[in-house]
Each structure stands twice: as structure tokens, then as C-alpha cells.
Amino acid sequence: MAPPSEHPDAPANDPVEQSSPAGVARAAPAPGAFAAASGPGEPAAPASAEASPLSRQASSRPRGRVVALTGAASFLGRNLIGILEEDPGIARVVAIDIKPPDTGGSKLRLHTVDLTAPASEERVAEVLAAEQVDTLVHLCFLSSPTPATAWAHELESVGTMHLLHGARQASLRKLILWSQTILYGAHPTNPNFLTEKHPLRADPDERFFADKMAAEREFNAFGAKAKGTTVTILRTAPILGPTVQNYLTRFLARRLVMTMLGFDPLWQFIHEVDAIAAFKLAIDGDFPGTFNIVGDGVLPVSTIVRLAGRTPFPVLHSAAGPLVAALWAAHAAIAPPSFLRYLRYVCVADGEKAARVMGFRPVYTTREALLDYISAQRLRDVRLLQETPA
């Protein structure tokens, strides 16, 4: 994972992954359901996304549900907004972010809130009460590691605390958190498939993992105390698809792909369409607890590299750590050395609980998600498809 890569974009309260889909069918997406991220210098958002003062909003009980999203300008946020806009059962969609999403329509209300600010919890409480929000979806997390660890901590760990302090003052029916299966950690003692009962054992010294695990603990503590509030945590496998861009897609986009000499662990993915569908399912139904959201099947790293048309570059794991550490310090690596463990040991999750309890069944397998990404990446390789930054 050492080849040079661009520094991750600063998020609008979250540089979460990618840009695109809305639904689980393979048919062409509905207009407005998916949208590419705005590029530098593009207009902020349509006028319909402009929020009026709180005193002019939500003066009466809405006829339908009101869903609020943090990280609304991220991949998950803007595509969920596109879906919710088209749902007749949704009265309002409330975007809580420092940047407007580009998929807003007539239902969207934008509230500029910086979750890293000390006063943000009061602002969150005010917005949730004024908009009469019944469901809050927390998506304000990084999809790729960043050397700016202090800022990442403020955004993810401290920001989650601010959000939940504000949520305690509102009468929420549902809280949904985005998490990731890589938090289980890659270990030689891992079983073939990790269930939701297994502990999170990702490297606690790596901020990318530690802050997300802290957010899960905060949500679980909130759920244990909150009466009448359903708390759902969705742990997605690494997300792939034709419009995704994160540390994994940058890793697979290199001509030479670093592998660990003598190791060939299994990986799994979730297609971007299926990831969005899982969140919509959680918004529509009541599913308390934690759920792994994964695609069917697994693939060894060697097969993934071969299917991607890349050349493996095997490195001794004893030499890879210092090399990647130096490149990461120089902002020239895709991920820090802690990610090298995933090139040595298995870390794949069992999606049986999500299928049984939520009724979630992915449309794309792990292999199909990879092939869909590869098809788009080949076009990007020959400059026929413009990349969309996360």
C-alpha cells in the first residue's frame, strides 16, 4: 500500500467514500438518485437546499417522517438524500453538515453545523427539535486514513459525543451509525467469518480505527440508556463500485500493487448500491443492534490483483512496515503501516444476521462488486471516464 497517492480531500464534516447509487436493482438509476461530488470551484448547491431560519421551519407536525443526516455531502449522505427525496413517506430530509449536498430537492433543509465546534451539541439539539426529526443517521466519518490525526479525532470521536449530547435533548425514534468491518482487525487467530459477537480488535493505536471504535461505544452506551430509541449500527465491508474512491480503490488503481511475500488473505467487498440499500432498509424498519453488511463470497488478494489487471509487488513484511511508515510520514503512501496486517491475515465478516433480521440480501457478490469497479477503472486508466473525488 505504499505507492504515492493524493492527500484525502477535507470532508464536509466527512470525506466519506465516493459518489453514486440509489437502489438495489441493476437498472439505470433514477434521475437525482445518484450524483457526482461537486468539484473544486463548482456552485455550492441548488437554492432548494438553502435553509431558512429555524423560526420559519417546522411550525407544524410534518405529514410523514423526518430524517436527518450528518455527513450529508459525503457519498453515503448525498445518495441517501437522493433516495429519501423520492420516497413519498418522507416529509423532510435534514442535512447537518458544513457543506451542502448536491442531491437536494424540495424536501431538503440544510443546517450548517460543525461537529468539531464546542457549541455544536446545542446547535444539534436546536435543529433536531425545530425540524421534528424522528430518525438521525450519523455518517460523518472518514472513508480513508489521513495524517491529520488530531483533526480526525475531533471530527469522529469528539464530534460523535457532541452529536449524541444534542440528540439526548430531542425525542428521536431512531439512531443509525455507519461503521466498518475492518474494525474487527486482521489477526492470524481470526475465524473464516467474523460475526457481530466478535470483539473489535483493530489496532487501537491507529486513529482511523480507534475513533470509529469509540463512536460505536458511544452509540451503544446511548442505546443502553435511551428509552424508546432504536439504535442501529451498520458495519459495511469495504465499499467498491464504479464511482467509489477511497484508500482501497487507490490501492487497486496502481500499476504495481504491494502484497506481502508468502501471504494471500481473503478479502470481501460490498457494492456501493448494496451499501446504500442497507441504510435505506435501516431507515425504513426498526432493527436494534449491530449488523455486518457484506457482499456474498470472498476472494484472495492474489485473485483481486490479477482481475484488476495489476502487477503484484511482493515485499517481506519485515521490510514493508518501515518502508510504508516513511512514505506515510512523507504523505506519499495510501495508508499507514497498520493496514499492512490486512495483506497478511484474514478479516471477513458474516452477513447472516443482516439477512435473517433485516432481510438484507446483496444484489452484487464480492466478485461482481470488484468487476464493476474494474470496468470503470479501466475507462479511467485510458482517460475516458473522469474520476470523481471523494
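The text that follows walks through the structure, step by step, so that each part is easy to find.

The residue Q132 is not glycine, and still its phi comes out positive at about 55°. Residue placement: Q132 occurs in the loop between α2 (120-131) and β4 (135-138). Residue H331 is not a glycine yet carries a positive backbone phi of 60°. Inspection of the secondary structure puts H331 in the loop between α8 (317-329) and α9 (352-358).

Turning next to the side chain of E121. Here E121 lies in helix α2. Buried and unpaired, E121 has no salt bridge, with R168 as the nearest side chain of opposite charge at 7.6 Å. Ignoring sequence-local partners within four residues, the contact set of E121 consists of H162, H165 and G166.

If you trace the backbone, K174 turns up in strand β5 (residues 174-180). A distance of 3.0 Å separates the side chain of K174 from the side chain of D286, its partner in a polar contact. Excluding its chain neighbours within four sequence positions, the residues that come into contact with K174 are R65, D134, T135, L136, T229, T230, A282, I283, D284, G285 and D286.

What follows covers the packing of aromatic side chains. According to the stated counting rule, one finds 10 aromatic pairs in the structure shown. Taking the centre distance of 6.0 Å and the plane angle of 85° together, the rings of F263 and Y345 count as edge-to-face. Of this pair, F263 sits in the loop between β8 (256-260) and β9 (266-267) while Y345 sits in the loop between α8 and α9, placing them 82 residues apart in sequence. On the basis of relative accessibility, which here comes to 27%, the residue F263 falls in the partly exposed class.

Taken in spatial order, the seven strands make up an open sheet running β3-β2-β1-β4-β5-β6-β11, and their pairing is parallel. Every interior strand has two partners, whereas the edge strands, β3 (108-112) and β11 (289-293), have only one. Along the sheet, successive strands turn relative to each other by an average axial angle of 20°, direction set aside. Two strands pair when backbone bridges link them, and β4 and β5 are joined in this way by four bridges, in the parallel orientation. Bridge assignment links T135 to a residue of β5, and that residue is K174. Packing against the sheet, helix α3 (residues 149-167) makes contact with β1 (65-70), β4 and β5, and its axis sits at approximately 175° to β4. Across the face of the sheet, helix α6 (residues 272-284) comes into contact with β1, β4, β5, β6 (230-236) and β11 while running at roughly 160° to β5.

With that settled, the discussion passes to the environment of W328. When you line up the elements, W328 lands in helix α8. Residue class for W328 comes out buried when judged on its relative accessible area of 15%. Taking the C-alpha atoms as reference points, W328 and T146, 182 residues apart in sequence, are found 9.3 Å from one another. Once residues lying within four places of it in the same chain are set aside, the contact partners of W328 are P145, T146, P147, A333, I334, A335 and P336.

Contact geometry for α3 and helix α4 (residues 207-225): axes closest at 9 Å, N-to-C directions at 5°. One finds that α3 runs roughly parallel with respect to α4. Residues T149, A152, H153, E156, S157, T160, M161, L164 and A167 of α3 touch α4, and the partners they reach there are R207, F208, D211, K212, A214, A215, E218, F219 and F222. Its residues placed into classes, the contact of α3 with α4 shows nine nonpolar, four polar and five charged.

What counts, and where the lines are drawn
- Residues numbered from 1 in each chain as written.
- Predicted model: local features only at pLDDT ≥ 70, side-chain atom pairs only at ≥ 80, totals over all residues.
- Heavy atoms only, no water.
- Helix = DSSP H or I, 4+ residues; strand = E, 2+ residues; numbered from the N terminus.
- Buried < 20%, exposed > 50% of the residue type's maximum accessible area, 1.4 Å probe, protein only.
- Lys, Arg positive; Asp, Glu negative; His and termini not counted.
- Salt bridge = Lys/Arg side-chain N within 4 Å of Asp/Glu carboxyl O.
- Contact = heavy atoms within 4.5 Å.
- Polar contact = N/O pair within 3.5 Å; in protein donor to acceptor, adjacent residues only side chain to side chain.
- Phe/Tyr/Trp six-rings, centres within 6.5 Å; stacked < 30°, edge-to-face > 60°.
- Pairing = 2+ DSSP bridges.
- Axes fitted to C-alpha atoms, helices over the stretch in contact; angles between N-to-C directions.
- Parallel < 35°, antiparallel > 145°, perpendicular 65-115°, else oblique.
- Nonpolar A, V, L, I, M, F, W, Y, C, P; charged D, E, K, R; others polar.

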